[in-house]
Amino acid sequence: MQDIRYTLTLSVRDAPGVLVRVAQIFARRSANINAIHVSHLPNSPWSQMKITVHNIARIDQIVLQLEKLVDVYAVTVSTFPTSRI
Amino acid sequence: MDGATAIIKALEKQGVEYIFGYSGGAVLPIFDALITSGTKIKFILVRHEQGAAHIADGYARASGKPGVVLVTSGPGAGNVVTGLMTAHMDSVPLVVISGQQIRSMIGFDAFQEADIFDITMPVVKHNYLVKDTNDLPRIIDEAFHLATTGRPGPVLIDVPKDVSSGLLTTNATPKMDLPAYTQFRRPDQTKIHRIAEAWAKAERPVILAGHGVLIAGAAPALARLATAMDTPVTTTLLGKGAFPETDPLALGMLGMHGTAYANKAIEECDFLLNIGSRFDDRIIGDAEQFCQDAFIAQIDIDAAKLEKMIPVDVALHADAAEAITYLEKTVTPCTFTAWNTHLGTYRTKYPLHYDNSGGLTMQSVIDSVFNLTEGRAIVTTDVGQHQMWAAQFYKTGLPGHWITSGGAGTMGYGFPAALGAQFAKPDQPVVAIVGDGGFQMTLFELATAVINKLPVKIIIMNNHYLGMIRQWQELFFDNHESGSDLEGNPDFVKLAEAYGAAGINITDANGVEAGLKEAFAITDRPVIINVEVVKTHNVFPMIPPGAPYSEMIIEPPTTALAKPKGST
């Protein structure tokens, strides 16, 4: 199986617990988070999360479940086969 | 105004009629405000917080309005988790307010402190830990909005005691602040047209109606669409009531314990229109073989449910009512006489049936209840064999008349849910069909039922077993009755009398009609009808878990079955 790396970029509310809500979506599906970066967007109620995961069987489900969270505004995914990195 | 009074005022603004709950230290300010605010909202004291959650859930499903629960911190809130999970799985709107330790003590393992915010996250649509008294009116508005819009679900609000007893410093009208809460969009017209085109070309179409049809209030529109298109309708367990099951086009429930003719229709159809069902694993069986050659369209308000289980030809993200309205405008009415005649032969060949010659069967009792209530009772069930037979034999005619824990399969749900339904619909007959196992999980709510004079009929299908577990052990585990024998059941008639309810025993087929008539004549208190049924009958038809529809077992097997591929 080809090694696939996904980077998810999330626009989320800067609200307590949002990181737990997001992390639970991954944990419930046994998806390891390889890297995570969260930064508050200055002078706004928003934060941006960048999350990197490898070889997720149902990345579509993870994205849709993340988008369903009341504190998550949008999710975009970029995919890289690691052989090309 | 203090926070507790602000909570009551916000609930009044939402038109709340009942609060179901249980008191405790951290929630005392709110209980006090129930008196000092002079509110007309009726508070119903339950006997266990799980009961409150299920009563609120039954109330919500019967009334279409959100159910409201008020409990204390720690164990009080912990006890509602199963109720939240049940409501979450079945898209039921609940607003649960829990007390919490004072803010300065949170995180210090203080008395009755639990991190209920984190504990409940996976089983709610959204939750809050309120930090500022001034936020209470806004958060309650938001909670009701979230619970009831889009795909409904439970919302929990954790309120520290010093937040509820603190004073508001503003009178400003609350403004909801949910900038990231995106809802469904208008149905995609191209997809509506593709569904209509495929339907016109089909020879063997089937509509699969799920809970989404009921939640959207789209049952009348669905009936018009199905009739105009001469297309048979099968419903999921939670979809019962979305289409009148006595209609000639109704196939009844499909799936693991669906009717043989519904399952044959699924196996043979060339067009399947799924409205508001998530294609649960008990419907799909073997995903790779499910409706392999059919055109499948799926309509769901929850985008994460589209194509989750199987790939489909058209996945339409939409509210069921809106989608059906657009479909009605787009399709050209037609007839499928040959197909409906063909399905008629299956109805004749494989009818739902029972035989009382070996003792009193649950099916016959449910049939008698159906006849006595003329199919108009609100029926709640628990989980297990009685639930499947009730789904098969109590033909649901109207929305909101069938209340069961489908997704979560929560034993102990049926009886408290019936109380909630009776609160919502005081003038309608409400029947709880339960097993001897599940009833004992929440029977303490008999006190709640008696004090509130709820004339709920509790029909205990008493086989002295966890019947469905015993069935699986017989079929798949060499008949090893491990942990499924309910030896030690109480005398349910005496139990009823101890609580001040009425109790009736039915021990054979001759006693059914008289026993039920006696029960239905009682209108001022709950009635337990303990029915001693055959101990070891099994529910059929059955598609073994994970098996394709072609492996449906219609009659009891005479040879040993292979261990199933699927889970439950």
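Structure first, text after, so check above.
Everything numeric in this text was worked out from a predicted model, so none of it was measured.

Another point: the pairing of strand 11 (residues 295-300) of chain B. Residue and element names in this part refer to chain B. For strand 11, the buried fraction is high: 6 of the 6 residues fall into the buried class. Going residue by residue along strand 11, you find Phe295, Ala297 and Ile299 tucked away on one face and Ile296, Gln298 and Asp300 tucked away on the opposite face as well. Bridging between strand 10 (residues 271-275) and strand 11 involves 5 bridges; their strand directions are parallel. Counterpart to Asn274 in the pairing with strand 11 is Gln298. Examined bridge by bridge, strand 11 and strand 12 (residues 314-317) share 4 bridges and lie parallel to one another. Among the inter-strand pairings, Asp300 is bridged to a residue of strand 12, identified as His317.

Below, the discussion takes up the interface of chain B and chain A. If you look at the interface, chain B gives 21 residues, while chain A gives 17 residues. Together, the buried faces of chain B and chain A total about 1,600 Å²; carbon and sulfur atoms form 53% of this surface. Among the residues of chain B in contact with chain A, Met121, His126 and Ala180 of chain B are the three that bury the most area, contributing 30% of the side total. Counting across the interface, chain B meets chain A through 2 salt bridges. With its nearest N and O atoms 2.6 Å apart, the salt bridge here joins Asp302 of chain B to Lys68 of chain A. Where chain B packs against chain A, one counts 6 residue pairs in polar contact (both at pLDDT 80 or more). At the level of secondary structure, the elements contributing two or more residues to the side of chain B that touches chain A comprise helix 6 (116-120) and strand 5 (126-129) of chain B.

With that settled, the discussion passes to empty space enclosed by the protein. Residue and element names in this part refer to chain B. Tallied over the full model, the rule gives 1 cavity of 30 Å³ or more. The space that makes up the largest cavity amounts to roughly 40 Å³. Lining the largest cavity are Gly255, Met256, Asp281, Arg282, Ile283, Ile284, Gly285, Ile543, Pro544, Pro545 and Tyr549. Taken together, the residues of the lining of the largest cavity break down into 7 nonpolar, 2 polar and 2 charged.

Bringing the sheet that holds strand 7 (residues 205-209) of chain B into the picture now. Residues and elements named next belong to chain B. Ordered by their spatial adjacency, 6 strands build an open sheet running 9-8-7-10-11-12, and the pairing between neighbours is parallel. Here the strands that pair on one side only, and so sit at the sheet edges, are strand 9 (250-253) and strand 12. Along the sheet, successive strands turn relative to each other by an average axial angle of 15°, direction set aside. Where strand 8 (residues 233-235) and strand 9 come together, 3 bridges link them in parallel fashion. From the neighbouring strand, Thr235 faces strand 9, where its bridge partner is Met253. On the sheet, helix 9 (residues 189-201) packs against strand 7, strand 10, strand 11 and strand 12 and is oriented at approximately 140° with respect to strand 12.

Conventions we followed
- Residues numbered from 1 in each chain as written.
- Chains lettered and ligands numbered in written order.
- Predicted model: local features only at pLDDT ≥ 70, side-chain atom pairs only at ≥ 80, totals over all residues.
- Heavy atoms only, no water.
- Buried < 20%, exposed > 50% of the residue type's maximum accessible area, 1.4 Å probe, protein only.
- Helix = DSSP H or I, 4+ residues; strand = E, 2+ residues; numbered from the N terminus.
- Pairing = 2+ DSSP bridges.
- Contact = heavy atoms within 4.5 Å.
- Buried area = accessible area lost by both parts, 1.4 Å probe.
- Salt bridge = Lys/Arg side-chain N within 4 Å of Asp/Glu carboxyl O.
- Polar contact = N/O pair within 3.5 Å; in protein donor to acceptor, adjacent residues only side chain to side chain.
- 1 Å grid on protein atoms, 1.4 Å probe; cavity = no way out; pocket = protein on both sides within 12 Å on 5 of 7 lines; lining within 4 Å.
- Points joined across faces, edges and corners; volume = space filled by probe spheres on them.
- Nonpolar A, V, L, I, M, F, W, Y, C, P; charged D, E, K, R; others polar.
- Axes fitted to C-alpha atoms, helices over the stretch in contact; angles between N-to-C directions.

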